[in-house]
Amino acid sequence: MVLKPMEKTTVSVGHAFNIKGAENVTMTALAEHEYKDRVPAANDGYIFGPSLGDVHVWMAVINEPLMLQGPTGCGKSSLVSEVAARTNRPVLRLNAHNRTEMFDFVGQFVLKDGNTVFVHGPLAIAMKIGAWFIVDEIDLAPPGILAGLNTVLEGGNLVIAENGGEVIVPHPDFRFIATCNTKGDGGASTGGAFGGAFAQNAAFLDRFMMVECGYPSPKAEVAALAKIGTPSDLAIKIVKVANSIREAYEAGESPVTCSTRTLLRWATLIPAYQGKPSPAFHSLERALLGRVGSKDDKDAIREICITEGLILGDAA
């Protein structure tokens, strides 16, 4: 059976992605389809970084799986979801872990109304309907399991032996996307910061277009804070502190980094703690420093805050 691609249309990159000057640049999108309930909802406050261009190229010119690599909370999964939302793409997701098995991808038999029936997994469904299939934290899954996906990654059929040898032919609009915090090296490139990550099979990694993601620019993060009501002077200080913590983390001088996700959590908490001697630092403790066990490490981050004028003297 030959599956037909879904009907296509185009969207303005400037309008769909809130990018000034790109109003006349277009991106391919899907026209109306029956899987609208699987299309993610767009976050109008999301700010796109340079990696959007890489995803655009991936969509337009290469029919291979995509792997987004980068530090925690930098927006890898959100980037793909936001692109899907703005181009009307249905999405199915799976969060990998160290006990991930093949049935998590393809499905398994379950008991339903007294009968044993086969329920397809997210990969199988995505291949059937032409959805984007996102595997978050793929480097946490055992490499031996993931190697079983190599045929699918090459564009081949999915054969489900457990379901009587069922053969699923990939829909033309099906795409496979993975995100990870490491480079597939088990965390060697990140100093072991992401515990539990497996070193992946080189043949598996070779099947992906790789895009390295990073945190948004200071300007973009300040703009994101402004969208949630953070005063501009405070937003600038918070972003400076966040980048100093990131630099310390990269240099091995801090046990934690400050993701954009943490940044937004931190700023959101500050108004709720206005009665404290230092609302900003008190909020940072709740947003991030609860993960820091060493008093010396906490004091080092506290000094960063003092430098940026977020707390005065020893008030905390």
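Asker: Which residues make up the environment of Phe109, and what are the values?
Answerer: Following the sequence through the fold, Phe109 ends up in strand S5 (residues 107–112). For the pair Phe109 and Asn18, spaced 91 residues apart in sequence, the C-alpha to C-alpha distance is 45 Å. Beyond its immediate chain neighbours, meaning those up to four positions away, Phe109 contacts Thr116, Val117, Phe118, Glu162 and Asn163.

Asker: I'd like a rundown of the packing of aromatic side chains, residues and numbers included.
Answerer: Using the criterion set out here, one finds eight aromatic pairs in the structure. Summarising the aromatic geometry, the rings of Phe105 and Phe133 are spaced 6.1 Å apart at their centres and angled 75° between planes, so their arrangement reads as edge-to-face. Separated by 28 residues along the polypeptide, Phe105 in helix H4 (residues 102–106) and Phe133 in strand S7 (residues 132–136) bring together distant segments of the chain. The class of Phe105 is buried, set by a relative accessible area of 0%.

Asker: Give me the packing of helix H10 (residues 232–250) against helix H13 (residues 295–307): which residues, what numbers.
Answerer: Contact geometry of H10 with H13 gives a least axis separation of 9 Å together with a crossing angle of 145°. For the pair H10 and H13, the sense of crossing is right-handed. On H13, the residues touching Val241, Ser244 and Ile245 of H10 are Ile301, Ile304 and Cys305.

Asker: Hey, could you go over the nonpolar core for me, with residue numbers and the actual values?
Answerer: Of all hydrophobic cores here, the largest spans 32 residues; its most connected members are Phe105, Leu123, Phe133, Ile138, Leu158 and Phe176. The element that contributes the greatest number of residues to this core is helix H5 (residues 122–129), accounting for five residues. Look past the residues within four positions of Leu158 in its chain and what remains in contact with it is Val106, Leu123, Ala124, Met127, Val152, Glu166, Val167 and Ile168. By size, the runner-up hydrophobic cluster in this structure holds 26 residues, among which are Ala16, Phe17, Trp58 and Trp132.

Cut-offs used in this document
In every chain, residue numbers begin from 1 and rise along the written sequence. Residue-level local features of this predicted model are given only where pLDDT is at least 70; pairs of side-chain atoms are given and counted only at 80 or more, and the full residue set underlies all totals for whole chains, interfaces and linings. Computation of side-chain values covers all heavy atoms of the structure but excludes hydrogens and water. Think of it this way: any DSSP run of H or I at least four residues long counts as a helix, any run of E at least two long counts as a strand, and we number them from the N terminus. Should any heavy atoms of two residues lie within 4.5 Å, those residues are considered in contact. By convention, a stacked pair of Phe, Tyr or Trp rings (six-membered ring in the case of Trp) has centres within 6.5 Å and planes under 30 degrees apart, an edge-to-face pair has planes over 60 apart, and any other such pair is tilted. For the exposure calls, accessible area comes from a 1.4 Å probe over protein chains only, and a residue counts as buried if that area is under 20% of its type's maximum, exposed if over 50%, partly exposed in between. Only C-alpha atoms enter the line fits that serve as axes; for helices the fit covers just the stretch in contact. Angles between N-to-C directions range over 0 to 180 degrees. Each helix crossing is assigned a hand: it is left-handed if the near helix lies turned anticlockwise from the far helix by less than a right angle, otherwise right-handed if that turn is clockwise. Among the buried residues, those of types Ala, Val, Leu, Ile, Met, Phe, Trp, Tyr and Cys that are joined through side-chain atoms within 4.5 Å form a nonpolar core.

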